[in-house]
Amino acid sequence: MSEALAENLDISKDSEMKEDFLQDVLKGLSAAEKRLSSRFFYDTYGSKLFEKITQVSTYYPTRTEIDILETYAEDMAALIGPGATLIEFGSGSSRKTPILLHALESLQAYVPIDIAGDYLQESASSLAADFKNLNVIPVHGDFTSPIELPKKVPLENRVGFFPGSTIGNFDRAGAEQFLRNAGQTLGSNALMLIGIDLQKDISTLLHAYDDPEGVTAAFNKNILKRINKELGGTFDLSKFAHESRYNMSEGRVEMHLVSTEAQSVKVQGQVFHFEKDENIHTENSYKYTLKGFKALAEKACWSVEKVWLDECQLFSMHAIRFKG
Ligand code: SAH
Ligand code: AVI
């Protein structure tokens, strides 16, 4: 990666993030109903596994959202107008971004934000090589708290891009807080394009989160692998089974890791006991109705300006504007 790109990545973030990981794990495994935060799926290996998930046949969101972007990119670019600075939350591979970049006129800068620092560097370098005249400013950060962007990011005409329905990984209060924080980062009257996965039949949803190739299972277990590698954990991955469940009252898919036998596991010297069939809740993926997302956006001071859908109405892209 070029020095210009690397200088935007704050290496001191790593120790702060490791401490956050440790505290989250100790607290989550001590709870009566054990849980871990899904943001810790994403080291480089987890990010690559996520990319593999996007290619399995049962995981419909990525290909459907790409289809919406390819069909309506000109329409979206017209709404955004020339001279924008595009700020992407949870950019990952930035695979969807070029579809928009090709349609946008006189872009000032592209700012991918992600928690997976090394993978962010790789993706930002690769995108910068493909768009030689584009000012790419990667920011390594955790968007569960407000993100302060480097001073070199233009203040005017900031436009948010939050594809993938990653907002669905927040519970409702977390999603509202994220939207408020994003509004502060982008500025008053800013526009954001946000991908939202929609409610649909339960079988389609459950298969999307439990693919026959077992990629989602490996992605889910990667959180235990990271605990072993980074926090000195002693999880035996073969003694936990991946499970996806649909929570009807919450309207969300849940991922769990179920202990296949009674066992004890250590993390940094602390012992955690698991009964047989006891589970760790690792992820929520909320599915919205158009009405439900509109209500959430409005609660967080955003208004819905436009919605684009695929033919089967599986997924949606919303253009929302910050009124705060
Ligand atoms: N935008 C891509 C990737 C989605 S996967 C797409 O639509 O395909 C979710 C991405 O969000 C991952 O790259 C992950 O590393 C990132 N992410 C998850 N939690 C995060 C957090 N709390 N802060 C910043 N990035 C996060
Ligand atoms: C990133 N996020 C929106 C994905 C989702 O669909 O909730 C993560 C994922 N989990 C399992 N498969 C994909």
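Source: prediction; values computed, not measured. (Residues numbered from 1 in each chain as written. Chains lettered and ligands numbered in written order. Predicted model: local features only at pLDDT ≥ 70, side-chain atom pairs only at ≥ 80, totals over all residues. Heavy atoms only, no water.)

A. Up close: the site of ligand 2. In the vicinity of ligand 2 lie 14 residues, with Tyr59, Asn169, Tyr209, Glu283 and Ser285 positioned nearest. Contacts to ligand 2 include Asn169, whose side-chain N or O atom sits 2.9 Å from an oxygen atom. For ligand 2, a nitrogen atom lies 2.8 Å from a polar atom in the side chain of Glu283. Protein contact buries 97% of the 340 Å² of open area that ligand 2 shows by itself. (Near = heavy atom within 4 Å. Polar contact = N/O pair within 3.5 Å; in protein donor to acceptor, adjacent residues only side chain to side chain. Areas by Shrake-Rupley, 256 points an atom, 1.4 Å probe, with all protein chains shown as cover.)

B. Examining the packing of helix α2 (residues 13–30) against helix α9 (residues 215–231) more closely. For the pair α2 and α9, interaxial distance at closest approach is 11 Å and the crossing angle is 120°. Viewed along their axes, α2 and α9 adopt a mutual orientation that is oblique. Considering the relative orientation of α2 and α9, their crossing is left-handed. Between α2 and α9, the contacting residues are Lys18, Phe21, Leu22 and Val25 on the first element and Ile223, Arg226, Ile227, Glu230 and Leu231 on the second. Classifying every residue of the contact of α2 with α9 by side-chain character gives six nonpolar, no polar and three charged. (Axes fitted to C-alpha atoms, helices over the stretch in contact; angles between N-to-C directions. Helix = DSSP H or I, 4+ residues; strand = E, 2+ residues; numbered from the N terminus. Parallel < 35°, antiparallel > 145°, perpendicular 65-115°, else oblique. Left-handed = near helix turned anticlockwise from the far one by under 90°. Contact = heavy atoms within 4.5 Å. Nonpolar A, V, L, I, M, F, W, Y, C, P; charged D, E, K, R; others polar.)

C. Representation of unusual backbone geometry in the model. Its identity as a non-glycine residue notwithstanding, Asp277 has a phi of 75°, on the positive side. In this fold, Asp277 is placed in the loop between β9 (270–274) and β10 (279–286). Residue Gln313 is not a glycine yet carries a positive backbone phi of 55°. With respect to the element layout, Gln313 can be found in the loop between β11 (302–309) and β12 (315–322). Among the residues examined, Gln313 registers a relative accessible area of 48% and is labelled partly exposed. (Buried < 20%, exposed > 50% of the residue type's maximum accessible area, 1.4 Å probe, protein only.)

D. A look at the site of ligand 1. Ligand 1 sits among 17 residues. The nearest are Gly90, Lys96, Asp114, Asp142 and Phe143. A distance of 3.4 Å separates an oxygen atom of ligand 1 from a polar atom in the backbone of Gly92. At 2.6 Å from an oxygen atom of ligand 1 is found a side-chain nitrogen or oxygen belonging to Lys96. Residues belonging to the shell around ligand 1 are distributed by class as follows: five nonpolar, seven polar and five charged.

E. Representation of helix α10 (residues 290–299) in the model. Listed as buried for α10 are Phe293, Leu296 and Ala297. One side of α10 carries all its buried residues, which in axial view fall inside an arc of 100°. Exposed and facing more than 90 degrees away from the buried side of α10 are Lys291 and Lys299. In this fold, the buried residues of α10 make contact with α7 (172–186), β5 (191–197), β11 and β12. Phi for Cys301, located one or two positions after α10, is positive at around 75°. (Arc of directions from axis to C-beta.)

F. α2, seen in detail. An ideal rise of 1.5 Å per residue puts 26 Å on 18 residues; α2 measures up with 26 Å between its terminal C-alpha atoms. Taken as a whole, α2 has its buried residues at Met17, Phe21, Leu22, Asp24, Val25, Leu26, Gly28 and Leu29. Buried-residue contacts for α2 involve β3 (139–140), α9, β8 (263–267), β9 and β10. (Expected span 1.5 Å × (residues − 1).)

G. Structural context of the sheet that holds strand β7 (residues 252–259). Here we have three strands laid out as an open sheet, ordered β6-β7-β10, and antiparallel in their pairing. Lying at the two open borders of the sheet, with one neighbouring strand each, are β6 (240–247) and β10. Taken pair by pair, the neighbouring strands of this sheet meet at an average axis angle of 20°, ignoring direction. Bridge analysis of β7 against β10 gives seven bridges, and the strand direction is antiparallel. Bridge pairing in β10 links Met255 to Glu283. Relative to β7, α9 is tilted by about 65°, and along the sheet it contacts β6, β7 and β10. (Pairing = 2+ DSSP bridges.)

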